[in-house]
Amino acid sequence: MQIKINDVLRAYIEPLTEAEYMALERSVLAEGCRDALVLWQDTLVDGHNRYQICQEHGIPFKAVENTSFRDLDDVKLWMIDNNLGRRSISDYQRGVLALRKKEIVRARALELAAEAAAEDAAIAPPDGEAKPKPAAMPLTSREDIARAARLSSATISQIEKIQKTATPELVEAVRSGTISINAAATVASLPEDAQIAAVAGGKKELQKAAKEVRELRTAGKPPKEAKGVREDGERDYNRNPTEAEELRRENAALREKNAALLEEITALQRRISELASS
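Now for a quick tour of the structure.

The subject of this paragraph is the overall build of the protein. What the protein contains, in helices and strands, is twelve helices and three strands. Scored against the burial criterion, the 278 residues of the protein give a buried share of 36%. Of the roughly 17300 Å² that the protein leaves accessible, carbon and sulfur atoms contribute 51%.

Set out below in structure tokens:
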């Protein structure tokens, strides 16, 4: 069988570090490819690194097809659950994977709600009679995500903040373990140039930046319109909003997002009803 490589699936799970890849290569060379590669039809789903090593060194391997996959989302959900079950991935990786699962589940919930509305519209009773209500749309809470990742809800919240506001440099720092998730979420509240400068300064500079931000929040000081450097020559981190202000802004943004989603669902259901009655 000619195995195909899907670039989206290959990049979907965070790649191994150079040291991890070398360790895997030594293991495969010494013991062979013990675990079978997993395929979706003829597309590789699990075992990209082992497949590459086997190809380079002419090592035989086994491949099995998972016939339960219906579409690409099924494949991604399987990949997420498979990797969440591994002990070797970091807490940050667990959180990212669980949040990806949340997005897929949410999208499917919207599809199911639309299908339920279409079915209700197709069998709608005569005018004047009570019409069935649309099926409730299942939502995935932060607590559900935290349980899937075996993390606390607070840690999931911090990872979400990192994904939304951290620069690529800061994300790489937390992925590599240079800075903790908690500290990275704190530094992510700084302007981009301050984040980049802190990362460039190394672990001590990142810790210093996180500490200064926390101290400013504890003191309840309002943000300054800083130029980036104080008069004494030190970097100025005193230009970020207070924690309360951040929470109020995030709450407002979530309310707006929820309202927009409700409007989208209502419009979709109305359109389906119109099509069914025409």
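Once you've had a look at it, read on.
Our focus in this paragraph is the packing of aromatic side chains. Summed over the entire model, instances satisfying the criterion amount to two aromatic pairs. Between Phe69 and Trp78 the ring centres are 6.0 Å apart and the planes differ by 75°, which places this aromatic pair in the edge-to-face class. The exposure class assigned to Phe69 is buried, which follows from its relative accessible area of 10%. Residue Trp78 is classed as partly exposed on the basis of its relative accessible area of 24%. The lysine or arginine in question, Arg100, covers the ring of Tyr12, its NZ or CZ lying 4.8 Å from the ring centre.

On to the nonpolar core. Core analysis: the largest hydrophobic core is formed by 29 residues, its most contacted members being Leu170, Ile179 and Val187. For this core, the elements supplying multiple residues, two or more each, are helix 5 (91–122), helix 6 (142–149), helix 7 (153–165), helix 8 (168–175), helix 9 (181–187), helix 10 (192–200) and helix 11 (202–219). Per-element accounting of this core gives the leading share, five residues, to helix 9. Those residues within four positions of Ile179 in sequence are excluded, and the remaining contacts are Leu170, Ala173, Val174, Ala184, Val187 and Leu206. One finds Val38, Leu77, Leu84 and Ile104 within the second-largest nonpolar core, a separate group that totals 15 residues.

With that settled, the discussion passes to the sheet that holds strand 2 (residues 43–46). The three strands are arranged 2-1-3 in an open sheet whose pairing can be described as mixed. Strand pairing shows two members of the sheet lacking a second neighbour, strand 2 and strand 3 (63–65), which therefore form its edges. For this sheet the average axis-to-axis angle between neighbouring strands, irrespective of direction, equals 45°. Helix-sheet contacts for helix 3 (residues 48–57) involve strand 1 (37–40) and strand 2, and the interaxial angle to strand 2 is about 120°. Here helix 4 (residues 72–84) sits on the sheet and contacts strand 1 and strand 2; the angle it forms with strand 2, its principal contact strand, is near 30°.

Helix length check: helix 4, at 13 residues, gives a terminal C-alpha distance of 18 Å against a target of 18 Å (1.5 Å per residue), a fit within 8%. Turning to helix 4, its buried residues are Asp74, Val75, Lys76, Leu77, Met79, Ile80, Asn83 and Leu84. The N-terminus of helix 4 is capped by Asp71, whose side-chain oxygen sits 3.2 Å from the backbone nitrogen of Asp73.

The subject of this paragraph is the packing of helix 10 against helix 11. The interhelical angle for the contact between helix 10 and helix 11, taken along N-to-C directions, is 140°, at an axis separation of 6 Å. With respect to each other, helix 10 and helix 11 are oriented oblique. Here Ala197, Ala198, Val199 and Ala200 of helix 10 come into contact with helix 11, specifically with Gly202, Glu205, Leu206 and Ala209. In terms of residue class, the contact of helix 10 with helix 11 is made up of six nonpolar, one polar and one charged.

The next point concerns the pairing of strand 1. Every second residue of strand 1 is oriented toward a common face, with Leu37 and Leu39 on one face and Val38 and Trp40 on the other, all of them buried. One ladder, built from three bridges, connects strand 1 with strand 3; its direction is parallel. Within the sheet, the bridge partner assigned to Val38 lies in strand 3 and is Val64. As defined by bridge partners, strand 1 adjoins strand 2 across three bridges and the pair is classed as antiparallel. Bridged to Trp40 within strand 2 is Thr43. In textbook terms, the turn of a hairpin is the stretch between consecutive antiparallel strands, and for strand 1 and strand 2 this stretch comprises two residues, one of which, Gln41, has a positive phi near 60°.

Turning to helix 10, a few remarks are in order. For helix 10, every residue scored as buried is listed here: Ala194, Gln195, Ala197 and Ala198. One side of helix 10 carries all its buried residues, which in axial view fall inside an arc of 165°. When the buried face of helix 10 is taken as reference, the exposed residues oriented beyond 90 degrees from it are Glu192 and Ala200. Residues of helix 10 that are buried in the fold lie against helix 7, helix 8, helix 9 and helix 11. Where helix 10 ends, the next residue or the one after it, Gly202, has phi of about 90°, a positive value.

So, how was this worked out
Residues numbered from 1 in each chain as written. Predicted model: local features only at pLDDT ≥ 70, side-chain atom pairs only at ≥ 80, totals over all residues. Heavy atoms only, no water. Helix = DSSP H or I, 4+ residues; strand = E, 2+ residues; numbered from the N terminus. Buried < 20%, exposed > 50% of the residue type's maximum accessible area, 1.4 Å probe, protein only. Areas by Shrake-Rupley, 256 points an atom, 1.4 Å probe, with all protein chains shown as cover. Phe/Tyr/Trp six-rings, centres within 6.5 Å; stacked < 30°, edge-to-face > 60°. Lys NZ or Arg CZ within 6 Å of the ring centre and 35° of its normal. Core = buried A, V, L, I, M, F, W, Y, C linked by side-chain atoms within 4.5 Å. Contact = heavy atoms within 4.5 Å. Pairing = 2+ DSSP bridges. Axes fitted to C-alpha atoms, helices over the stretch in contact; angles between N-to-C directions. Expected span 1.5 Å × (residues − 1). Polar contact = N/O pair within 3.5 Å; in protein donor to acceptor, adjacent residues only side chain to side chain. Parallel < 35°, antiparallel > 145°, perpendicular 65-115°, else oblique. Nonpolar A, V, L, I, M, F, W, Y, C, P; charged D, E, K, R; others polar. Arc of directions from axis to C-beta.

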